[in-house]
Amino acid sequence: PRTALELGVDVSIGGFVGRRGLELLEGTGPNDFRLVHASPFVGAGARADAVVFASGQSAVGFTLTGAYAPFVTLSTNPDDGVTEELASSVVRVGGQVSYLRSLGARSIVDVWGGGEYTSLTITSNPFYTGNQYVYGRTGLGFTYMFNTDASARAHAGVLPTFSASNSGEAFGPSPFSLGYEAGLALALSISENIFFRLDYSFQLYSPEYPDPLPPIEAATSSTDIFNTGNVQIGFSL
């Protein structure tokens, strides 16, 4: 990919891998209903980065991302102990705008903001059918260029979560909450226009459901963690 603040577009596609870990507690007592959903997944993802304005040591860019991964959830009925396999999937799409500023010959800092949608869906069953999140993303990033062929970037930010539907809002509506994210990325040039990209992202959501819907009688809280990564080959236009 480009290692300077110059106009152009980078497009990449490849594998999308990760693990989701949800813990949900209905009520506040140790014996209240508790739901745990932990699943790895493997799928495919794509990304496009465009620098649309550059002047001196500054630039403005846009990023679009998308990913999909199918997986299987093993669900055990607590009444009879029967376990069944439920078809499941995770979808993530998002976009952001970034302001980039060079700090020298090798370093770039960026301030970014945007939005993202994550949907984890499980085949209909009596216990849990997934989560859908709509949230903003904003934070800071830092890129270090080792040379013209290799660079690394670290970022951290917050996730203002506007919607956190659980099992089709079976647990009731969720008010605004705040999540967090951090990540690392490595880019290596293979040739003049072809590059390899590897990235990792940690995202944490903590929605609550204070107004339960029947038959649920107690307020519910949850912690949802996604660890995801992309392994991609890209082309610079």
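Look up: the structure comes first, before these words.
Nothing here was measured: the structure is a model prediction, and the numbers come from that model. Along each chain, numbering runs from 1 in the same order as the chain's sequence is written. Local features in this predicted model are restricted to residues whose pLDDT is 70 or higher, and side-chain atom pairs enter the listing and the counts only when it is 80 or higher, whereas totals over whole chains, interfaces and linings include all residues. Processing note: side-chain calculations cover all non-hydrogen atoms of the structure and skip hydrogens and water entirely.

*Asks:* Mind showing me how you'd approach the nonpolar core here?
*Replies:* What tends to happen in soluble globular proteins is that the nonpolar side chains get buried as a cluster. Definition of nonpolar core: a set of buried residues of the types Ala, Val, Leu, Ile, Met, Phe, Trp, Tyr and Cys, connected through side-chain atoms within 4.5 Å. Working definition: with a 1.4 Å probe on protein chains only, accessible area under 20% of the residue-type maximum means buried, over 50% means exposed, and in between means partly exposed. Core analysis: the biggest nonpolar cluster contains 22 residues, and Phe41, Val90 and Phe226 have the highest contact counts within it. Working definition: helices are DSSP H or I runs of at least four residues, strands are E runs of at least two. Numbering for both runs from the N terminus. Breaking this core down by element, the ones donating at least two residues are β1 (8-26), β2 (34-55), β3 (58-76), β4 (83-102), β5 (107-122), β6 (130-147) and β7 (150-166). Not counting residues within four places of it along the chain, the set of residues in contact with phenylalanine 41 comprises Phe16, Val17, Gly18, Arg19, Arg20, Ala69, Pro70, Phe71, Val90, Phe226 and Thr228. In terms of nonpolar packing, the next biggest core, distinct from the first, is built from six residues, Leu5, Val51, Ile108 and Met145 among them. Pairs of residues are marked as contacts when any of their non-hydrogen atoms sit within 4.5 Å.

*Asks:* Looking at this structure, how should I read the side chain of threonine 220?
*Replies:* When you line up the elements, threonine 220 lands in strand β11 (residues 220-236). The buried category is assigned to threonine 220, whose relative accessible area is 3%. Apart from the residues within four sequence positions on either side, threonine 220 is in contact with Leu24, Leu25, Glu26, Phe171, Glu208 and Tyr209.

*Asks:* Before we go on, may I ask you to explain the pattern of salt bridges in this structure?
*Replies:* A side chain of one charge can pair with a side chain of the opposite charge when the charged atoms of the two come close. Any Lys or Arg side-chain nitrogen found within 4 Å of a carboxyl oxygen on Asp or Glu counts as a salt bridge. One pass over the structure, following the stated rule, counts seven salt bridges. Close ionic contact of arginine 20 with aspartate 224 constitutes a salt bridge, the shortest N to O distance being 2.6 Å. Note that arginine 20 is positioned in strand β1 and aspartate 224 in strand β11, a separation of 204 residues in sequence. Owing to a relative accessible area of 0%, aspartate 224 belongs among the buried residues under this scheme.

*Asks:* I tried to follow the packing of aromatic side chains on my own but got confused; where do I start?
*Replies:* Each aromatic ring pair is summarised here by two numbers: the centre-to-centre distance and the angle between the ring planes. In summary, the pairing rule links any two rings of Phe, Tyr or Trp, Trp by its six-membered ring, whose centres are within 6.5 Å, and it sorts them by plane angle into stacked for under 30 degrees, edge-to-face for over 60 and tilted for everything else. Inspection of the entire model under this criterion finds eight aromatic pairs. Cluster of aromatic residues (ring-pair linked, three or more members): Tyr133, Tyr135, Tyr205 and Phe226. The side chain of arginine 92 reaches across the aromatic face of phenylalanine 226, ending 5.4 Å from its centre. Counting as a charge over the ring demands two things of the Lys NZ or Arg CZ atom: a distance within 6 Å of the ring centre and an angle within 35 degrees of the ring normal.

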